[in-house]
Amino acid sequence: MIVLVLTLLNDIPQVITISTGRVLVALGGADARLPLSHLPQLLQADLREGTQGTLADADLGLRLLAALPTLLHAVTVTAAAILLIGILYRVALGRPFSGGVLVRWRWLTTVLLVGGILQSLADTGANLYLSMHIGLLGGGPASREEVAAFLGGDYSSIGTNVPQWPIPILLGGIIALALGVAFRAGAQLVEEVDGVV
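Residues numbered from 1 in each chain as written. Predicted model: local features only at pLDDT ≥ 70, side-chain atom pairs only at ≥ 80, totals over all residues. Heavy atoms only, no water.

Participant: Would you take a moment to explain a nonpolar patch on the surface for this structure?
Facilitator: A contiguous nonpolar patch, built from I12, I16, L24, V25, L27, L68, L71 and V75 and spanning about 710 Å² of accessible area, is present on the exposed surface. If you list the elements that add at least two residues to the nonpolar patch, you get α1 (2–20) and α2 (60–92). The leading source of residues in the nonpolar patch is α2, at three residues. Its place among the elements puts L71 in helix α2. (Patch = residues over 30% accessible without salt bridge, like charges linked within 9 Å, V, L, I, M, F, W, Y side chains within 5 Å. Areas by Shrake-Rupley, 256 points an atom, 1.4 Å probe, with all protein chains shown as cover. Salt bridge = Lys/Arg side-chain N within 4 Å of Asp/Glu carboxyl O. Helix = DSSP H or I, 4+ residues; strand = E, 2+ residues; numbered from the N terminus.)

Participant: Is there a simple way to think about the packing of aromatic side chains in this case?
Facilitator: Note on aromatic pairs: each is described by the distance of the centres and the angle between the planes. Tallied over the entire structure, the rule returns three aromatic pairs. Ring centres 5.7 Å apart and planes at 50° place the aromatic pair F97 and F183 in the tilted group. Pair noted here: F97 is in the loop between α2 and α3 (99–133) and F183 is in helix α5 (residues 167–196), with a separation of 86 residues, a long-range link. Judged by its relative accessible area of 18%, F183 falls in the buried class. (Phe/Tyr/Trp six-rings, centres within 6.5 Å; stacked < 30°, edge-to-face > 60°. Buried < 20%, exposed > 50% of the residue type's maximum accessible area, 1.4 Å probe, protein only.)

Just geometry here; none of it tells us what the structure is for.
The following block contains the structure:
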């Protein structure tokens, strides 16, 4: 439960700040707009001297696509935590091999593996969208004006990041798969023992 709360406290504000391009709270009249380098798909974004631009000025589609992997992470962790709590509750009641536990193990495996893959694909899609619009992929180099309009500012250098794969979530899915198989084998053993008695 603690992991769920901490994940949501981290992911939800990050989704909001990436998609809006602004911090949630700006105290003392500070500028709430974030730099473009706040995008997870960028390693650096340096404005040309004498120009201005922020993440809030960048293309809305870019901001929404960039925030999608974090949103998928929050949804995956939330669903997985709810399923795991259901499993632990039934185990605590002394029904570790019940049908409800076995079904939840299958769902937990599916949620973790599918959620991890979707998060990876979303990050890859955001990277491709960014790279195509700044001329790194596709039909040749984009004009400086097109890139400036897309990014919301005239940048002298842009460093893109590689797509991020949520290895802990995918490993969790593989572990859940193994534990699900073990619990199914335990359920079969319990049925066989009940049949003998």
